[in-house]
Amino acid sequence: MNAEDFKDKRIAVLLSGGVDSSVVVYELARLGLHPDCFYIKIGPEEQEEWDCTSEEDLEMATAVAHRYGCRLEVVDCHKEYWEQVTRYTMEKVCAGFTPNPDVMCNRLIKFGAFHEKCGHDYDLIATGHYAQTEWIDGQKWLCTSPDPVKDQTDFLAQIYDWQLQKALFPIGHYMKDEVREIAQREHLVNARRKDSQGICFLGKIDYNEYLRRYLGEQQGDIIELETGKRIGGHLGHWFHTIGQRKGLGLGGGPWFVVKKDVENNILYVSHGYDPQTAYSQQFLVHDVHLLTPCKLPDSVTFKIRHTPEIHRARLQQLGDGRMMVYAEQPIHGVAPGQFFVFYDEQHHRCFGSAEITL
């Protein structure tokens, strides 16, 4: 980045209080820029009961903004989050799917509700995501970070094309260790603060507790797929996902969740360290969403979860936003509702995403 790139540009920084977004402010400030900073409030409805960390987050964000002479404004997107992202999550898990709330938070809140409230006044919205953008043949592309562990292009693969046009990722070219080093060298107040884990707003709250709050519990059977024998019970299929191994409470394992009967609240499991029933090599996806308009190639790389692991596949386009995916190797834990995020063969440009149907 250089200052000339941002001449006459109004920049908003989404400052969370974490080390990544704080280094974003530093990166812009060292270019002589003074972006406006915004802390998005999306915490739970009863913060004391949920032990939310938002008060500490805001203190950190305030200190960083003050240090670099930037204005900080708190933007309340609480209602939008709980009406849109929570509704999406609960509807998906009730239907037996495996949703990704963080993916939808980027589309609906960070680049959505925030834009509606404040972002339309800005040319660029900067975040601390580990991702990059490149202009290729006059089109803006979302591209992967050099850090394969922290790369967050999969979390951004559902944003709209107009949101990508405004997106700026000032630390996307760094490794995580480099960002930590910058924060420590510059003596940022949160330089040694641990990264947040899990869903973006939950803080220390367990995801299952989040589901329990809204969906409650309902006893159901766990059945061995191969024998039809009942081997245990559970408190609601929404607490479990395809491919899950831990947390089933079954002896003599390992056991893997391989199928759900949503209507009858039944989990089907298979036994063994590597059961064939836990793998899929071809699967259907729908609602194909492209970040940048293009003709898709036949061969791609892809992810179905936030890990460094990437896979290769051949695509067959079926029309109406549907595709059949033929993976080179069997993939563990493919579940309906997951996002299939696909890239070019070099795993550099992100084409977009689609929802797995199965």
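Since we're looking at a predicted model, the values are computed, not measured.

What follows concerns the nonpolar core. Core analysis: the largest hydrophobic core is formed by 42 residues, its most contacted members being Phe 38, Ile 109, Phe 114 and Leu 142. Mapped onto this core, the elements with two or more residues apiece are strand E1 (11-14), strand E2 (36-41), helix H4 (78-94), helix H5 (101-117), helix H8 (207-215) and strand E16 (339-343). Examining the composition of this core, we find that eight residues originate from one element, H5, more than from any other. Look past the residues within four positions of Phe 38 in its chain and what remains in contact with it is Ala 12, Val 13, Leu 14, Leu 15, Arg 71, Leu 72, Glu 73, Val 75, Phe 114, Cys 118 and Tyr 122. Membership of the second largest hydrophobic core comes to 31 residues, among which are Cys 70, Tyr 130, Ile 171 and Leu 188.

Let's shift gears to the pattern of salt bridges. By the definition in use, this model includes 15 salt bridges. Here Arg 30 ties to Glu 27 by a salt bridge, and the two come within 3.2 Å at their closest N and O atoms. Between Lys 92 and Glu 355 there is a salt bridge, with its nearest N and O atoms 2.8 Å apart. Taken together, the residues Lys 92 in helix H4 and Glu 355 in strand E17 (residues 349-356) connect sequence positions 263 residues apart. The buried category is assigned to Lys 92, whose relative accessible area is 18%. Residue classification places Glu 355 among the buried residues on the basis of a relative accessible area of 9%.

A few words now on unusual backbone geometry. The amide bond that connects Gly 253 to the next residue, Pro 254, takes the cis arrangement and shows omega of 10°. You can see Pro 254 is positioned in the loop between strand E9 (230-234) and strand E10 (255-261). Despite not being glycine, His 187 has its phi angle at roughly 55°, a positive value. Tracing the chain through its elements places His 187 in the loop between helix H7 (176-185) and H8.

Quick notes on the rules
- Residues numbered from 1 in each chain as written.
- Predicted model: local features only at pLDDT ≥ 70, side-chain atom pairs only at ≥ 80, totals over all residues.
- Heavy atoms only, no water.
- Core = buried A, V, L, I, M, F, W, Y, C linked by side-chain atoms within 4.5 Å.
- Buried < 20%, exposed > 50% of the residue type's maximum accessible area, 1.4 Å probe, protein only.
- Helix = DSSP H or I, 4+ residues; strand = E, 2+ residues; numbered from the N terminus.
- Contact = heavy atoms within 4.5 Å.
- Salt bridge = Lys/Arg side-chain N within 4 Å of Asp/Glu carboxyl O.

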